[in-house]
Amino acid sequence: KKDGYDTFMLKEIHEQPHVIAETLRGRIHQQHIVLDELKDIDFSKFNKVYFVACGTAYHASLCGAHVLKKVAHLPVLSEVASEFRYNDPLIDEKTLAIFVSQSGETADTLAALRLAKEKKATTLAVANVLGSTISRDADYVLYTCAGPEIAVASTKAYTTQLVLLILLAYYIAQNLNQDVHDDVIKQLQLIPQYVDNILKDEPVFAQYAHMLKDMHDAYFIGRNLDYASVLEGALKLKEVSYVHADAYVAGELKHGPIALIEDGSVVIAVATQPHIAQKTISNIQETIARGARVILLTTHHEEVKNVQNTYYLPDVEPTLQAILVAIPLQLIAYYTACLKGCDVDKPRNLAKSVTVE
Ligand code: F6R
C-alpha cells in the first residue's frame, strides 16, 4: 500500500513529480495552455476574481491569486471560506469565483460556493476527487490529478493545486491577450524534473529537521509569493510535528514579531523572488544579530553572510517557485515529526475531510 515507504505522507511527497506531470498532461499544446473545460467562458466579462478555500487549499489559492494578478492584471481577492461567507463578499455576475478543495466536501467551502451562486457569480471548482459535491455544484470544474491522498497533511494535492492554478492564471492571461512568454510554458513542462531533483536532496532537509525537533516555536518569513509558501510551510510543521510555527511577511518582523527572537530561535526564510530576495535577506541578518539560527531556501546566489544552512532552488520563472519550495518545506516538517516520534499520517485532532463547520 505504501510502496515501500514508512508512511503515506512520505509516499505522497515522492509521488509529486508523477502527479504534477499528470496534472500538466494534455494542458499544454504548441506553447499554448489548453483548458478545454473552460472554453466557453468569456473572461473579458469579469471585473474581479475571488479565490475561496480552507487550510492548505487556501494557501494554494493565495499563490494562484498572486500569479493571476501578476500575469492577467485582474483584481483578485482570496479569502478563507469560513470568513468569506460572513464578510459580505462583493459578488455579482461580473465575478469569477474559484473554489479550491482537495476533497470537494469541505463544509465551509461548499457553503461559500452556494452563496456565490446565489449572487450570480460564475463559479469554478478546483477539485481532486471526481464526482465530489463541489465538482457537481460548481458551473465549471478543473481536476488536479493527485490521485487519492491518504495522509491527513496535504502534500501532493497542494502542489497539483498550485500547478493547476498557475496554468489557469496563464490561460486567463492568454485569453485576455496578455503576453505569455514561451519560456514560462517551457519551464512549466520541466517542473516534474525539477521536483524530482529537489527530492534527491532529501537528506539535506532531514538534517535541517534536527534544528527543529527540540524547539517550541519556529518562525517562517517570506515576501510576496514566498509569504504564501511560508504560510503553508508553517502549517505543515505545526500539524505534523506539533512545533508551534508562525509565518510572517518578512517586512513585518520589525513591527513586532522580532521581539520573540532570542539566542537559538529557528528562522526559516524563503527568498525566491529576485526583486525582493535581498530585502528578505536583510531581515534574516536582523534575526541573526539576535541569535537566530537560519534555514534559507533561495535562488539568490550571492553569498549570504552568517547563514550556515542555505539551500539553493533552481532558478526558474518566479511565478513557478511556490511549487518547488513546497518540497523542502514538506520534508522539513516530515522529518521533524519523525524525529519526535509523531504519527505523521494521522496527526492528533485532525480529520482528512472537514465536513462540519
Ligand atoms: C492541511 C490540510 C487541510 C486542508 C483543508 C481543506 O494539510 O490538509 O488544511 O487543506 O481542510 O481541505 P479540502 O482541500 O479537502 O477542502
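Anything mentioned here points back to the structure above.
Only a predicted model underlies this, so the values are computations on that prediction, with no experimental measurement involved.

Colleague: Mind showing me how you'd approach the overall build of the protein here?
Modeller: Helix and strand counts for the protein come out as 12 helices and 12 strands. A compact globule built from 357 residues should have a C-alpha radius of gyration of about 21 Å, and the protein, at 20 Å, falls within 12% of that. Taking the principal axes of the C-alpha coordinates as reference, the protein spans close to 55 × 40 × 40 Å. At a minimum sequence separation of 6, the contacts of the protein that also span at least 24 residues come to 75%. On the protein, roughly 14,800 Å² of surface is accessible, and the fraction owed to carbon and sulfur atoms is 49%. Of the side chains in the protein, 33 bear a positive and 43 a negative charge, and the two mean positions are spaced by 2 Å.

Colleague: Mind showing me how you'd approach the site of the ligand here?
Modeller: In the region of the ligand, 13 residues are neighbours, and Ser-101, Gln-102, Ser-103, Thr-106 and Glu-239 sit closest. A distance of 2.6 Å is found between an oxygen atom of the ligand and a backbone nitrogen or oxygen belonging to Gln-102. In this structure, Val-152 approaches the ligand through a main-chain N or O atom, which is 3.4 Å from an oxygen atom. Compared with its free state, where it exposes 410 Å², the ligand has 89% of that area covered by protein. Mapped by element, the contributors of at least two residues to the shell around the ligand are helix H3 (55-72) and helix H10 (225-241). Sort the elements by how many residues they give to the shell around the ligand and H3 lands first, with three residues.

Colleague: Is there a simple way to explain the sheet that holds strand S5 (residues 95-101) in this structure?
Modeller: For sheets, the rule is that strands pair by backbone hydrogen bonds, running either parallel or antiparallel. Read across the open sheet, the five strands follow the order S4-S3-S5-S6-S7; overall the sheet is parallel. Sheet topology places strand S4 (76-80) and strand S7 (140-143) at the edges, where each strand pairs with a single neighbour. Averaged over all pairs of adjacent strands, the angle between their axes in this sheet comes to 20 degrees, without regard to strand direction. Here four bridges tie strand S6 (residues 122-127) to S7, and the two strands are oriented parallel to one another. Of the residues in S7, the one forming a bridge with Ala-125 is Val-141. The sheet contacts of helix H5 (residues 107-118) involve strand S3 (48-53), S5 and S6, and relative to S5 the element is tilted by about 165 degrees.

Colleague: Help me understand H5, please; the structure alone is not making it clear to me.
Modeller: Residues three or four positions apart in an α-helix share a direction because the helix packs 3.6 residues into each turn. In a regular helix each residue adds 1.5 Å, so 12 residues correspond to 16 Å; H5 covers 17 Å between its end C-alpha atoms and thus fits that length. Within H5, nine of the 12 residues are buried, which leaves it mostly tucked inside the rest of the structure. Ala-107, Asp-108, Thr-109, Leu-110, Ala-111, Ala-112, Leu-113, Leu-115 and Ala-116 are the residues of H5 that are buried. Check the buried side of H5 and you find it contacts S3, helix H4 (81-84), S5, S6 and helix H6 (133-137). Count one or two residues on from H5 and you reach Lys-120, which has phi positive near 75 degrees.

Colleague: Just checking my understanding: could you explain unusual backbone geometry for this structure?
Modeller: Across residues other than glycine, the phi torsion is negative in most instances, and most of the peptide bonds are trans. Positive phi values are uncommon outside glycine, yet Asn-224 reaches one of about 55 degrees. Mapped onto the secondary structure, Asn-224 falls in the loop between strand S8 (217-222) and H10. The residue Asn-349 is not glycine, and still its phi comes out positive at about 70 degrees.

Colleague: Help me out: how do you make sense of the nonpolar core in this one?
Modeller: As a rule of thumb, nonpolar side chains are buried together in soluble globular proteins. Counting residues in each nonpolar core, the largest one holds 99 residues, and the members touching the most others are Ile-33, Leu-38, Ile-98, Leu-168 and Phe-220. Ignoring sequence-local partners within four residues, the contact set of Phe-220 consists of Val-230, Gly-233, Ala-234, Leu-237, Ala-245, Asp-246, Ala-247, Tyr-248, Ile-268 and Leu-329. Residues Tyr-219, Val-267, Ile-281 and Val-294 belong to the second largest nonpolar core, which totals 19 residues.

Colleague: In this structure, what is going on with the pairing of strand S9 (residues 244-249)? I would like to understand it.
Modeller: Remark: a regular strand shows side chains that alternate across the two faces of the sheet. In terms of strand pairing, S8 meets S9 through six bridges, oriented parallel. Looking at the pairing, Tyr-219 lines up with Asp-246 of S9. For the handedness criterion, the β-α-β arrangement of S8, H10 and S9 is classed as right-handed.

Colleague: Looking at this structure, I do not really get the packing of aromatic side chains. What am I missing?
Modeller: Any two aromatic rings considered together are summarised by their centre-to-centre distance and by the angle between their planes. All chains considered together, the criterion is met by seven aromatic pairs. Summarising the aromatic geometry, the rings of Tyr-50 and Phe-84 are spaced 5.1 Å apart at their centres and angled 80 degrees between planes, so their arrangement reads as edge-to-face. Here Tyr-50 is found in strand S3, whereas its partner Phe-84 is found in helix H4, with 34 residues between them in sequence. Here the two residues Tyr-50 and Phe-84 agree in accessibility, since each one is buried. Each ring, one from Tyr-334 and one from Tyr-335, has its centre 5.0 Å from the other, and the planes form 90 degrees; the classification is edge-to-face. Here Tyr-334 and Tyr-335 have matching classes, each one buried. Aromatic rings pair up to connect Phe-43, Phe-46 and Tyr-171 into one cluster. Taking the ring centre of Tyr-242 as reference, the NZ or CZ of Arg-348 above it sits at 3.8 Å.

How each quantity is defined
Residues numbered from 1 in each chain as written. Predicted model: local features only at pLDDT ≥ 70, side-chain atom pairs only at ≥ 80, totals over all residues. Heavy atoms only, no water. Helix = DSSP H or I, 4+ residues; strand = E, 2+ residues; numbered from the N terminus. Rg over C-alpha atoms; globule rule 2.2 N^0.38 Å. Contact = heavy atoms within 4.5 Å. Areas by Shrake-Rupley, 256 points an atom, 1.4 Å probe, with all protein chains shown as cover. Lys, Arg positive; Asp, Glu negative; His and termini not counted. Charge placed at Lys NZ, Arg CZ, Asp CG, Glu CD. Near = heavy atom within 4 Å. Polar contact = N/O pair within 3.5 Å; in protein donor to acceptor, adjacent residues only side chain to side chain. Pairing = 2+ DSSP bridges. Axes fitted to C-alpha atoms, helices over the stretch in contact; angles between N-to-C directions. Expected span 1.5 Å × (residues − 1). Buried < 20%, exposed > 50% of the residue type's maximum accessible area, 1.4 Å probe, protein only. Core = buried A, V, L, I, M, F, W, Y, C linked by side-chain atoms within 4.5 Å. Right-handed = clockwise from strand over helix to strand, strands pointing away. Phe/Tyr/Trp six-rings, centres within 6.5 Å; stacked < 30°, edge-to-face > 60°. Lys NZ or Arg CZ within 6 Å of the ring centre and 35° of its normal.

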